[in-house]
Amino acid sequence: MRDEDQTWTRDKVRVSERAGQFRLLVVDGATSSMMDLPPAGLLLIGRAPEADLRLTDRSVSRRHARLFLDEGQVRIADLESHNGVSVNGQPLMEVHTLQPGDVVTIGEVHLVLYTATASAPASPREGAPKVTELTLGERTVVVADPAMKRLYELIRRLAASELPVLILGETGAGKENAAFAVHHWSRRTDKPFVALNCATIGETLAESALFGHEKGAFTGANSAKEGLLETADGGTVFLDEVGELPLAAQAKLLRALETRRILRVGGTREREIDIRIVAATHRHLEREVAAGRFRQDLFFRLGVATVVLPPLRDRPSEVGVLARRFLDRACAATGREPLSLAPATMEALGRHDWPGNVRELKNTLEYVAATVEGALVEPKHLPERILAALRSPAASIPGAPTPPLTPTPAEAPSLAAAPGRRGASISEEMRALERERMVEALRATGGVKVRAAERIGMPMRTFALKCKRYGL
């Protein structure tokens, strides 16, 4: 069974082994990473070997700043550093209490604080988030979260180089848009951008897809065919879900990157190529290397510059912005009048964990545009799987009230039989517990049913049938 941990953290955290309620996105030079903060303690930030958060940028002092974590608060103090500390662009003059979404600048390094659990949507009184539209050729990427803005600034800097870029993030978090931004902002922008989802090709076809084949190389090879690396000559190749690439293809890909030459399957003549590789995965590649499922030398080759995309649940300011835009586009595509999202619907969207991230949000709004008859989208119009997840006890937000969603008559008996409720039989309690475990597994694996079934030791066929039974 594969390890499905979706969190990328720094190793240098010695204060506590227990994760607290906050996480820190660190944008340092050519890389970004996500770090879990402990529930309590002191963290030294700087270039010194003893630093808990050790940074490499020369603009950072050896002992630059200190974080204080206690009683659900995160405070920061400047340790009389050379280049100082600023919070949201304002110089830090004394110990400052940070809020989720605050951007801390330490020299040329940026830190963004997040809560480690889902956040409630922002109140209308707090004002609409500042939206930035990035035009990338025919694509438009909308960002409203401070961390995403910093990440795209990092991507723009990386694009000017020829470094390979490794993009990490959960399924549907926007890895392809980030990869295309690398291509669009590079000197290769007028050359091909070729994408391959490595999870969709079988082991026997992987090498042919990447490197091409000669006529007669295998049964069915009735003519010679260029591979994707050859097709993209001069441009950028995006290898999505590179962690799924078979080991044999990994070895051949590494050689192609080192020699800038490829050999078609069944061929004898090497061909020169000029490409840039951008790879992406939702897997923890270091653990894949340790398990022998990914080549260490290829990991080092691809991961020269690393970008970590936060999941949508960690950027709640973007949910409402993206929801309105996806709904407007879906209405325009179907030729219907624009729809409005009721406040209660916006609240429900903000409370959902979005295990499928931006892709799931987009699909949800397209479904709404196709099915709602009136002009106002109410919570009851959302897909049943979202309503079921919001009704689940696991969906409640720690420390925040959870407005109830009215169950349909057909759902009321199952809710009455939840664990701990009087009158529920043992079998009903077992079913409710089983459903809760399945929901947790789906969230942990980004909504991928095969891996969720593996996580809880349930046969895939059984898992699929019970997903339908439980409305997942």
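Because the structure is a prediction, the values reported are computed rather than measured.

**Re the overall build of the protein chain**
In step 1: For the protein chain, the helix and strand inventory stands at 15 helices and 24 strands.
In step 2: Taken across its 472 residues, the protein chain has 49% of its residues classed as buried.
In step 3: For the protein chain, the computed accessible surface area is about 22,900 Å², with 50% contributed by carbon and sulfur atoms.

**Quick word on the environment of P38**
In step 1: Structurally, P38 is set in the loop between strand 2 (31-36) and strand 3 (41-46).
In step 2: According to the relative accessible area criterion, P38 is buried, its value standing at 3%.
In step 3: For the pair P38 and D70, spaced 32 residues apart in sequence, the C-alpha to C-alpha distance is 9.3 Å.

**Points about the confidence of the model for the protein chain**
In step 1: For the protein chain, per-residue confidence averages 82 on the pLDDT scale, and 85% of positions sit at 70 or higher.
In step 2: Across residues 1-18 the pLDDT falls below 50, and counting only partners more than four positions away or on other chains, this stretch makes 69 contacts in the model.
In step 3: Here residues 118-126 scores under 50 on pLDDT; set against residues more than four positions off or in separate chains, the count is 10 contacts.

**Re unusual backbone geometry**
What is expected of a backbone is that most residues other than glycine have negative phi and most peptide bonds are trans.
In step 1: The backbone of E241 shows a phi angle near 50°, a positive value even though the residue is not glycine.
In step 2: Mapped onto the elements of the fold, E241 is located in the loop between strand 18 (236-240) and helix 5 (247-259).
In step 3: With relative accessibility at 9%, the residue E241 sits in the buried group.
In step 4: Unlike most non-glycine residues, W354 shows phi in positive territory, near 50°.
In step 5: In this fold, W354 is placed in the loop between helix 9 (343-351) and helix 10 (357-371).

**Focus on the pairing of strand 6 (residues 73-78)**
In step 1: In terms of strand pairing, strand 5 (residues 65-70) meets strand 6 through 6 bridges, oriented antiparallel. Within strand 6, the residue paired with L67 across the bridge is I76.
In step 2: The turn joining strand 5 and strand 6, which pair antiparallel and follow one another in sequence, is formed by 2 residues; a positive phi near 55° is taken by E71.
In step 3: Sheet topology note: the strand 6/strand 9 (residues 96-98) ladder contains 3 bridges and is antiparallel. In the sheet register, I76 faces strand 9, and the bridge partner there is H96.

**Side note on the side chain of N357**
In step 1: With respect to the helices, strands and loops of the structure, N357 is situated in helix 10.
In step 2: Take N357: its relative accessible area is 0%, and that puts it in the buried class.
In step 3: With residues up to four places along the chain from it excluded, the contact list for N357 reads E170, T171, G172, A173, P311 and L312.

**Here we look at the sheet that holds strand 4 (residues 53-54)**
In step 1: Strand order across the open sheet formed by 5 strands is 4-3-5-6-9, with mixed pairing between neighbours. Strand pairing shows two members of the sheet lacking a second neighbour, strand 4 and strand 9, which therefore form its edges.
In step 2: Sheet analysis places strand 3 next to strand 4, joined by 2 bridges and oriented parallel. Across the sheet, the residue bridging to I45 is L53, located in strand 4.

**So, the pattern of salt bridges**
In step 1: Taken as a whole, this structure holds 23 salt bridges when the rule is applied.
In step 2: Here E230 makes a salt bridge to R271, at a shortest N to O gap of 3.9 Å. Of this pair, E230 sits in helix 4 (residues 228-231) while R271 sits in strand 20 (residues 271-272); the two residues are 41 residues apart in sequence, bridging distant segments of the chain. Pair check on accessibility: E230 and R271 agree, each one buried.
In step 3: Taken together, the shared-partner salt bridges connect E162, R187, R188, R260 and D274 into one network.

About the criteria used
- Residues numbered from 1 in each chain as written.
- Predicted model: local features only at pLDDT ≥ 70, side-chain atom pairs only at ≥ 80, totals over all residues.
- Heavy atoms only, no water.
- Helix = DSSP H or I, 4+ residues; strand = E, 2+ residues; numbered from the N terminus.
- Buried < 20%, exposed > 50% of the residue type's maximum accessible area, 1.4 Å probe, protein only.
- Areas by Shrake-Rupley, 256 points an atom, 1.4 Å probe, with all protein chains shown as cover.
- pLDDT = per-residue confidence, 0-100.
- Contact = heavy atoms within 4.5 Å.
- Pairing = 2+ DSSP bridges.
- Salt bridge = Lys/Arg side-chain N within 4 Å of Asp/Glu carboxyl O.

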